[in-house]
Amino acid sequence: MPKRRMRPRPPLLLAWTLASSAGRPSSSLLLPPGRRSPGSSLGREPRPWPGGCRRPRAPGPPRPKHALSRSSGASASSTEAEGEVGGAPRASSFDDEPLPPRIPPLEGDDAEPSTREALRGDEDESRRLLPIPRHVAFVCDGNSRWARARNLPEAAGHAAGAERVAELIERLGEKRGDGEEGEGGGNKGGGGEKGGRTGGGERVECVTLFAFSTENWSRPRLEIDALFGLMEQTTKRYRRRPAVTEGRVRFKVLGDLDDERIPAGARRELRALEAAGEEAAAAGAKKAPRGGAPRGDEALTVCLAINYGGRADLLRAARHLVRSAARGDLVPSDVDESTLSKHLRTSSLPCDPDLIVRTGGERRLSNFFLWEAAYAELYFADITWPDFGEEALDEALRWYGTRKRNFGGR
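Heads up: these notes are all about the structure in this document. Computed from a predicted structure; not experimentally measured. (Residues numbered from 1 in each chain as written. Predicted model: local features only at pLDDT ≥ 70, side-chain atom pairs only at ≥ 80, totals over all residues. Heavy atoms only, no water.)

Looking now at the pairing of strand S6 (residues 300-308). Within S6, nine of the nine residues are buried, which leaves the element mostly enclosed by the surrounding structure. Two strands pair when backbone bridges link them, and strand S4 (residues 206-213) and S6 are joined in this way by seven bridges, in the parallel orientation. Looking across to S6, one finds that Cys 206 is bridged to Thr 301. As defined by bridge partners, strand S5 (residues 249-254) adjoins S6 across six bridges and the pair is classed as parallel. Its bridge partner lying in S6, Lys 252 is registered against Cys 303. (Buried < 20%, exposed > 50% of the residue type's maximum accessible area, 1.4 Å probe, protein only. Helix = DSSP H or I, 4+ residues; strand = E, 2+ residues; numbered from the N terminus. Pairing = 2+ DSSP bridges.)

Below is the structure:
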């Protein structure tokens, strides 16, 4: 049987094969003048293919004949001309490669916005419609840990927390929404005197700050004295602010201020702050136009829970009811949720808390608003209270706006 002779390769194709197998980029040898190869995107100037001829195409199956090529003037006849010429495959460069047909974009009513624009529109729309809680309560935790992390005395942490309280009051006084009454707003547990379970209000009406609990008396006396001294100084300064003197903010203390353990100076300043707010609200009501809303109804109510405990408040209300029943003023069968709510320290507030925020990383109420928090949304932040700034507040309010509140229904 005669030996089969190998068909010799063209010299140019052999050089191209050797250059590729040597690990060198073929674009350094195989580029036609003024053109780039598919892999020549490294910023190097291409070297011309010897002799100025085109780069040969590797042998393979016949190329599909597309009706559309990269050039806008290409036609089917020019595509067919890429077949065999003179019995050999026609050499072609990368720029002559045909492309699949391009799908034209939608126009008119069928056009869709880009993903970025759609997401931005959804974000703006959801932010505009998110309900705002009528009553927000804060468990201001983490002042001491904030100070210890910075090698500062605990009094410095309480001072930083007091500054955060002032900033938060100003910020919440500006919070107003565009949403209508819906699923997400304030309520009064049991449908009592404070209104029904309505949707998100147009503004934050009430803020409660858990500043000192009945259990905090177990702390060192030096820390307690420093804390009440800070309350006295902060209250005295804030009482002169325009927000209080103009009736835009009024204060209310939730807790037992008659406790003899509270320093007399702090007790005096806290009661003076309450009186200043009431006087400014009364003056604003007199100046209100006839038929218009009094200024006091537009004020932000800030409740300071000082020497307050949820269990102690429930016990106090139960004793009132027992004494009323003993005098014959109350029949036990007539006691319901509304009756008990009227004897709590929060009875004068417009609604129960819609949102309770606790800072410091702990996940518990710690004897705060045990009755009032029945349907409150609980938000726990890992940062300490002095670090709870405007951005953290906005994040908590946005989270509240995404909650669906059914109050036991569907």
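Now that the structure has been shown, the text picks up again.
On to the packing of helix H6 (residues 154-173) against helix H13 (residues 390-401). In the contact formed by H6 and H13, the axes pass within 11 Å of each other and the chain directions differ by 45 degrees. In terms of orientation, H6 and H13 fall into the oblique class. When the axes of H6 and H13 are compared, the crossing they make is right-handed. Residues Leu 168, Arg 171 and Leu 172 of H6 touch H13, and the partners they reach there are Glu 390, Leu 393, Asp 394 and Leu 397. Each residue belonging to the contact of H6 with H13 can be placed in one class, and the counts come to four nonpolar, no polar and three charged. (Axes fitted to C-alpha atoms, helices over the stretch in contact; angles between N-to-C directions. Parallel < 35°, antiparallel > 145°, perpendicular 65-115°, else oblique. Left-handed = near helix turned anticlockwise from the far one by under 90°. Contact = heavy atoms within 4.5 Å. Nonpolar A, V, L, I, M, F, W, Y, C, P; charged D, E, K, R; others polar.)

Turning our eyes to something else, we now look at the nonpolar core. Residues Phe 138, Leu 168, Leu 209, Phe 228, Phe 251 and Phe 388 are the most contacted members of the largest nonpolar core, which totals 45 residues. Apart from residues lying up to four places away in sequence, Phe 228 is in contact with Phe 212, Trp 217, Ile 262, Pro 263, Ala 266 and Ile 306. Counting 14 residues, the second-largest nonpolar core is a separate cluster that includes Ala 137, Val 139, Ile 356 and Ala 373. (Core = buried A, V, L, I, M, F, W, Y, C linked by side-chain atoms within 4.5 Å.)

So, about H13. Side chains of residues three or four places apart in an α-helix project in the same direction, reflecting 3.6 residues per turn. Spanning 12 residues, H13 covers 17 Å between terminal C-alpha atoms, matching the ideal 16 Å at 1.5 Å per step. Considered for burial, the residues of H13 that qualify are Ala 392, Leu 393, Asp 394, Ala 396, Leu 397, Tyr 400 and Gly 401. Contacts made by the buried residues of H13 are with strand S3 (135-139), H6, strand S7 (355-358) and strand S8 (377-380). (Expected span 1.5 Å × (residues − 1).)

This part takes up the sheet that holds S8. The strand order across the open sheet built from six strands is S5-S6-S4-S3-S7-S8, with neighbouring strands paired in parallel fashion. Only two strands of the sheet have a single partner each, and these edge strands are S5 and S8. On average, each strand axis in the sheet is inclined to that of its neighbour by 20 degrees, with strand direction left out of account. Where helix H7 (residues 221-238) meets the sheet, it contacts S4, S5 and S6, and its direction lies at approximately 150 degrees from that of S4.

What follows covers the pairing of S8. Side-chain alternation along S8 places Glu 377 and Tyr 379 on a buried face and Leu 378 and Phe 380 on a face that remains uncovered. Here S7 runs beside S8; their pairing, made up of four bridges, is parallel. Within the sheet, the bridge partner assigned to Arg 358 lies in S8 and is Phe 380.

Attention now moves to the environment of Ala 318. With respect to the helices, strands and loops of the structure, Ala 318 is situated in helix H11 (residues 310-326). Considering only alpha carbons, one finds Ala 318 and Leu 344, 26 residues apart in sequence, at a separation of 9.2 Å.

Here we come to unusual backbone geometry. Of note in this structure, Asn 307 is not a glycine but carries a positive phi near 55 degrees. Among the secondary structure elements, Asn 307 is positioned in strand S6. With a phi angle near 55 degrees, Ser 366 is a residue other than glycine that sits in the positive phi range. The topology assignment puts Ser 366 in the loop between S7 and S8. We classify Ser 366 as partly exposed; its relative accessible area is 31%.

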